[in-house]
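Here is what each chain is made of, one letter per residue.
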Amino acid sequence: MKLSNKTQALQDLIAPAVQACGVDLWGIEFLPQGKRSLLRIYIDKAVDENAEPIINEDGEEEQGRGIGVQDCVRVTQQVGAMMDVHDPISGEYALEVSSPGWDRPFFQLEQLPAYIGQQIAFRLISAVDNRRKFQAKLVAVDLEAEMIQVEVEKQQVLEIDSNNIDKANLVYQD
C-alpha cells in the first residue's frame, strides 16, 4: 500500500485543504491519462449515532451521518482553488471528490484494523500462494511489521506484506 512519489506529493499538498473543510482525507487516486488526467479524492468523517439532527444549508435534516453532497462541494472548491495556485499537475485534469462508499478502497495500512472480520478484495503485486487477485476475510493487522493476515477458503490463513498490496477494497455485504 505504498503510494507513488507523485501521488504522495499530491496527497501532502491536498491534505490541509481537505482538513480545512472539516472532513478527513481518506485517500487519493491520481491517474495520468495522456492529455487529461484524473485526480480522485476520497473524503470521510466519523458518524455520530448520538448526534442531534441538524438542518444543513439545503434545508435537509442530517442525523450525524457521514459525507454529504455539500462536503464534496466544499472540498472541490477548496482543493480546486489550491490546485490553481500551486499547479502540481501538468496539462488538463478532472477533479472528482466523493465518499469512499460501501466498497471503500484502502490507501494506508492504518485504515484496515477497523475492518477486521470483514471481506476484503485484494490485488497483489506478487502472487502469494499462487494468487494475485482474491477475496478474503481480514483476520489481523500488524502495523509494526507492516503485515496482514487473511483467511481464504477452508480456514487457510495467508500472511501478506502490506508493500505487496497493489489494491484493496472492502467487499459490501448486507
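Residues numbered from 1 in each chain as written. Predicted model: local features only at pLDDT ≥ 70, side-chain atom pairs only at ≥ 80, totals over all residues. Heavy atoms only, no water.

*Asks:* Break down the sheet that holds strand S9 (residues 156-161) for me, citing the residues and quoting the values.
*Replies:* Ordered in space as S9-S8-S7-S6-S10, the five strands form an open sheet in which the pairing is antiparallel. Of all the strands in the sheet, just S9 and strand S10 (165-170) have a single pairing partner and so form its edges. Each adjacent strand pair in this sheet contributes to an overall mean axis angle of 40 degrees, direction not counted. Across six bridges, the pairing between strand S6 (residues 119-128) and strand S7 (residues 131-142) is antiparallel. Pairing of Gln 119 across the sheet is with Lys 137, part of S7. (Pairing = 2+ DSSP bridges. Helix = DSSP H or I, 4+ residues; strand = E, 2+ residues; numbered from the N terminus. Axes fitted to C-alpha atoms, helices over the stretch in contact; angles between N-to-C directions.)

*Asks:* Can you break down the packing of aromatic side chains residue by residue, with the values?
*Replies:* Evaluated as defined, the whole model comprises five aromatic pairs. For the ring pair Tyr 42 and Phe 107, a centre distance of 5.6 Å and an interplane angle of 40 degrees mean the geometry is tilted. Linking Tyr 42 in strand S2 (residues 36-44) with Phe 107 in the loop between strand S5 (92-98) and S6, this pair joins segments that are 65 residues apart in sequence. The burial state of Tyr 42 is the same as that of Phe 107; both residues are buried. Relative to Phe 134, the ring of Phe 122 has its centre 5.7 Å away and its plane inclined at 35 degrees; by these criteria the two rings are tilted. Residue Phe 122 is located in strand S6, and its partner Phe 134 is located in strand S7; the two are separated by twelve residues in the primary sequence. Like Phe 122, the residue Phe 134 is buried in the burial classification. (Phe/Tyr/Trp six-rings, centres within 6.5 Å; stacked < 30°, edge-to-face > 60°. Buried < 20%, exposed > 50% of the residue type's maximum accessible area, 1.4 Å probe, protein only.)

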